[in-house]
Amino acid sequence: MIPKNAAVNFMVAEMGWDPQVWEDPMAFKPERFLEGGEFDLTGSKEIKMMPFGAGRRMCPGYALAMLHLEYFVANLVWNFKWEAAGEVDLTEKPEFTVVMKHPLEVKLSPRVKASSQ
Ligand code: HEM
């Protein structure tokens, strides 16, 4: 029984580390977020992650935010060549949010496009 006026916290990060929720949770597998993958952002079928909250008060701007983020990342990949400048170490460090213990260093170079002028 949850007492009246109790504050209820969801352990959102733990959800992401739970092998009962995610297959091989610590593996870097971005393809799991492809359409048709094990990823459900709205939590309509089940709640496996909740970056935009869940339920009736879920972020109403999530579709706009996702469009913007996809557009932003797509442009970064389209306009720049990304190469690791050293060893890539995905070890985590908890701060206000979870950050990389050894920050990623990249070598960025612009993808030169043929000018139309
Ligand atoms: C990456 C971008 C964003 C993230 C991670 C995010 C995340 C969230 C989260 C976690 C909540 C609380 C949901 C809950 O209480 O269960 C929320 C609420 C809300 N968000 Fe977002 N949001 C984003 C972008 C946006 C955008 C672009 C808009 C508007 C254009 C927006 C408008 C709102 C509003 C109005 C609420 C309050 C909804 C309510 O209380 O009924 N958000 N958002």
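Quick caveat: nothing in here was measured; it's all calculated off a predicted structure.

**Comments concerning the UniProt feature "binding site: heme" (unreviewed entry) in the chain**
Moving on, step 1. Look at the UniProt record and you will see "binding site: heme" (unreviewed entry) annotated at Cys59.
Moving on, step 2. By relative accessible area, Cys59 is classed as partly exposed at 29%.

**Topic: the coordination of the iron atom of the ligand**
Moving on, step 1. Donor atoms from the protein around the iron atom of the ligand number only one, Cys59 (SG), found at 2.2 Å.
Moving on, step 2. With respect to the secondary-structure elements, Cys59 resides in the loop between helix H1 (12–17) and helix H2 (62–79).

**Side note on the site of the ligand**
Moving on, step 1. The ligand sits among Pro51, Phe52, Gly53, Ala54, Arg57, Cys59, Pro60, Gly61, Leu64, Ala65 and Leu69.
Moving on, step 2. Arg57 is positioned such that a nitrogen or oxygen atom in its side chain is 2.6 Å from an oxygen atom of the ligand.
Moving on, step 3. Within the shell around the ligand, the residues separate by chemical class into eight nonpolar, two polar and one charged.

**Remarks on the packing of aromatic side chains**
Moving on, step 1. Across all of its chains, the model carries two aromatic pairs by this definition.
Moving on, step 2. When the centroid spacing of 6.0 Å and the interplanar angle of 55° are considered together, the rings of Trp22 and Phe33 count as tilted. Here Phe33 lies in the loop between H1 and H2 and Trp22 lies in the loop between H1 and H2, a separation of eleven residues in the sequence.
Moving on, step 3. Residue Phe33 is classed as partly exposed on the basis of its relative accessible area of 40%.
Moving on, step 4. The interplanar angle of 50° and the centroid separation of 6.2 Å between the aromatic rings of Phe52 and Tyr62 together place this pair among those described as tilted.

**Section: a nonpolar patch on the surface**
Moving on, step 1. Taken together, the side chains of Phe28, Phe72, Val73, Val77, Phe80, Trp82, Val88, Leu90, Leu104, Val106 and Leu108 define a hydrophobic patch exposed on the protein surface, amounting to about 1000 Å² of accessible area.
Moving on, step 2. Element by element, the count of residues in the nonpolar patch is highest for H2, at three residues.
Moving on, step 3. Topologically, Phe80 is positioned in strand S1 (residues 80–84).

**Quick look at unusual backbone geometry**
Moving on, step 1. One non-glycine residue, Asn5, lies in the positive phi region at around 65°.
Moving on, step 2. In this structure, Asn5 sits in the segment before H1.
Moving on, step 3. According to the relative accessible area criterion, Asn5 is exposed, its value standing at 76%.

Thresholds applied
- Residues numbered from 1 in each chain as written.
- Predicted model: local features only at pLDDT ≥ 70, side-chain atom pairs only at ≥ 80, totals over all residues.
- Heavy atoms only, no water.
- UniProt positions renumbered as here; feature names shortened; annotations may be inferred.
- Buried < 20%, exposed > 50% of the residue type's maximum accessible area, 1.4 Å probe, protein only.
- Donors = N, O, S within 2.8 Å, 3.2 Å for Na, K, Ca; no water.
- Helix = DSSP H or I, 4+ residues; strand = E, 2+ residues; numbered from the N terminus.
- Near = heavy atom within 4 Å.
- Polar contact = N/O pair within 3.5 Å; in protein donor to acceptor, adjacent residues only side chain to side chain.
- Nonpolar A, V, L, I, M, F, W, Y, C, P; charged D, E, K, R; others polar.
- Phe/Tyr/Trp six-rings, centres within 6.5 Å; stacked < 30°, edge-to-face > 60°.
- Patch = residues over 30% accessible without salt bridge, like charges linked within 9 Å, V, L, I, M, F, W, Y side chains within 5 Å.
- Areas by Shrake-Rupley, 256 points an atom, 1.4 Å probe, with all protein chains shown as cover.
- Salt bridge = Lys/Arg side-chain N within 4 Å of Asp/Glu carboxyl O.

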